[in-house]
Amino acid sequence: MQLRRYGFGIWALALSVMVSAESSANSRVFTDVHGEVTIPAEPQRIVSLQDHVLTMSLVELGAPVAGSAGRMGDDGKPYLRGVQDLLGVDFHNSEIEYVGWTDLEKVVAVNPDLIITTHYESAEMLAQLRLIAPTVTINQNQSLLGFMHDVADVSGRMDVYEARLARYQDRLAEARKAIPDASNISISVINSRDGVLNYWASYGALTQVMDDIGFARPAINAQVSDGNMEVSQERLQDVDADYIIDTFGISWGETPQDARNRMAEVLPNWCSVLEACQNGRYLVFPRTFAFSTSFASLELMTQMLVSHVAGRQ
């Protein structure tokens, strides 16, 4: 009897070691903004807590997104901001569950094996999320490609990331060949709302591509400390450049004329003040395509800049 009990103990210990080894083989350590987190080596059910930035990148990489934060439309139905416009994926045509912004009960119901959020997440919420599943916080205040690299790494999709990066770099090489004098051409990125004008030093995929091709920026760019800055009516000429790029909200049915109308709210005769506008170099791009955290946006912005800059004398 004692031998049988002893034998059972040895068997139980062996089983425990096997389970521990298997668990270790199926997990790895990822270092996020708060330190080391043990995560699944190949996550199967990811919950993303930022739609336009995180979910966008995860969907493009083909990661198994089981749930996501989202926005609520005027029709009372949730949607993934920008993801439908750029990648054709939304709650209604995929298996991604809506988890609110952020509803812990809905997150639990999805049964995630990994939760991904950004460094903006509060410490209180982060503590609760980690009771549900391993939770990784990714620093959003880094380069677009750096952010996308971290998303690919934590979701186990580095092979897809490397392939898309190589394709993007090929497009950049073509763009630099088409615009060999990019460093002598300045581009300004602006956006206005309710009569207030903002200059953007960092505007997602658009400014990543501008910098990668090697375009110059106006002098005001050096004054920006946090991505963008408000520009008074009296300083409107400070945003002038060889090209000015504005954006409009294609996601909510706007047209390029809406961007121009908003500029008129800043200053009625705004176009006559800006040399770029007077010479037909005020451009208006769809905001979702210009701002999104995706290779699709990077490649699209590359082609649009080549078309507008190299495509004219």
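Remember, predicted model here, so these are calculated numbers, not experimental data.

## Things to note about the nonpolar core
If you look at the biggest cluster of nonpolar residues, it comprises 60 residues, and the most contacted ones within it are Leu206, Phe215, Leu298, Met301 and Leu305. The residues touching Leu206, leaving out its near neighbours within four places in the chain, are Val189, Ile245, Phe285, Ala290, Met301 and Leu305. By size, the runner-up hydrophobic cluster in this structure holds 22 residues, among which are Val239, Met263, Val266 and Tyr282.

## A closer look at the pattern of salt bridges
Should their charged atoms come close, side chains of opposite charge can pair. Counted by the stated rule, this structure contains ten salt bridges. Two residues, Arg130 and Asp32, come together in a salt bridge whose shortest N-O distance is 3.5 Å. Taken together, the residues Arg130 in the loop between α5 (123-129) and β9 (135-138) and Asp32 in strand β1 (residues 27-32) connect sequence positions 98 residues apart. Relative accessible area serves as the criterion here: at 37%, Arg130 is assigned to the partly exposed category. Overall, Asp32 belongs to the buried group, its relative accessible area being 9%. The salt bridge involving Arg71 is made with Asp51; its shortest N-O contact spans 2.8 Å. Of this pair, Arg71 sits in strand β5 (residues 71-72) while Asp51 is found in helix α2 (residues 51-61), placing the two residues 20 residues apart along the sequence.

## A look at helix α6 (residues 144-154)
The element α6 is extensively covered by neighbouring structure, given that eight of its eleven residues are classed as buried. Turning to α6, its buried residues number three or more, namely Leu144, Leu145, Gly146, Phe147, Met148, Val151, Ala152 and Val154. A positive backbone phi angle near 75° is found at Gly156, which sits one or two residues after α6.

## Describing the side chain of Glu60
Along the chain, Glu60 turns up in helix α2. Given a relative accessible area of 14%, Glu60 falls into the buried group.

## Remarks on the layout of surface pockets
Counted as a void, the largest pocket has a volume near 980 Å³. Every residue lining the largest pocket is counted, 33 residues in all, and those nearest its centre are Val53, Tyr120, Gln140, Asn141 and Phe291. Looking at the lining of the largest pocket, the elements with two or more residues in it are α2, β8 (114-118), α6, α8 (204-213) and α12 (287-291). Considering every element that reaches the lining of the largest pocket, the biggest residue donor is α8, with four residues.

## Re the sheet that holds strand β12 (residues 228-231)
If you walk across this open sheet you meet the five strands as β12-β11-β10-β13-β14, and the pairing is mixed. Pairing within the sheet leaves two strands with one partner each, and these edge strands are β12 and β14 (282-286). When strand polarity is set aside, the average angle formed by the axes of neighbouring strands in this sheet is 35°. Bridging between strand β10 (residues 187-193) and strand β11 (residues 196-200) involves four bridges; their strand directions are antiparallel. Considered in β11, the bridge of Arg193 is made with Val196. Along the sheet face, helix α9 (residues 256-266) touches β10, β11, β13 (243-248) and β14 and points at about 110° away from the line of β13.

What counts, and where the lines are drawn
- Residues numbered from 1 in each chain as written.
- Predicted model: local features only at pLDDT ≥ 70, side-chain atom pairs only at ≥ 80, totals over all residues.
- Heavy atoms only, no water.
- Core = buried A, V, L, I, M, F, W, Y, C linked by side-chain atoms within 4.5 Å.
- Buried < 20%, exposed > 50% of the residue type's maximum accessible area, 1.4 Å probe, protein only.
- Contact = heavy atoms within 4.5 Å.
- Salt bridge = Lys/Arg side-chain N within 4 Å of Asp/Glu carboxyl O.
- Helix = DSSP H or I, 4+ residues; strand = E, 2+ residues; numbered from the N terminus.
- 1 Å grid on protein atoms, 1.4 Å probe; cavity = no way out; pocket = protein on both sides within 12 Å on 5 of 7 lines; lining within 4 Å.
- Points joined across faces, edges and corners; volume = space filled by probe spheres on them.
- Pairing = 2+ DSSP bridges.
- Axes fitted to C-alpha atoms, helices over the stretch in contact; angles between N-to-C directions.

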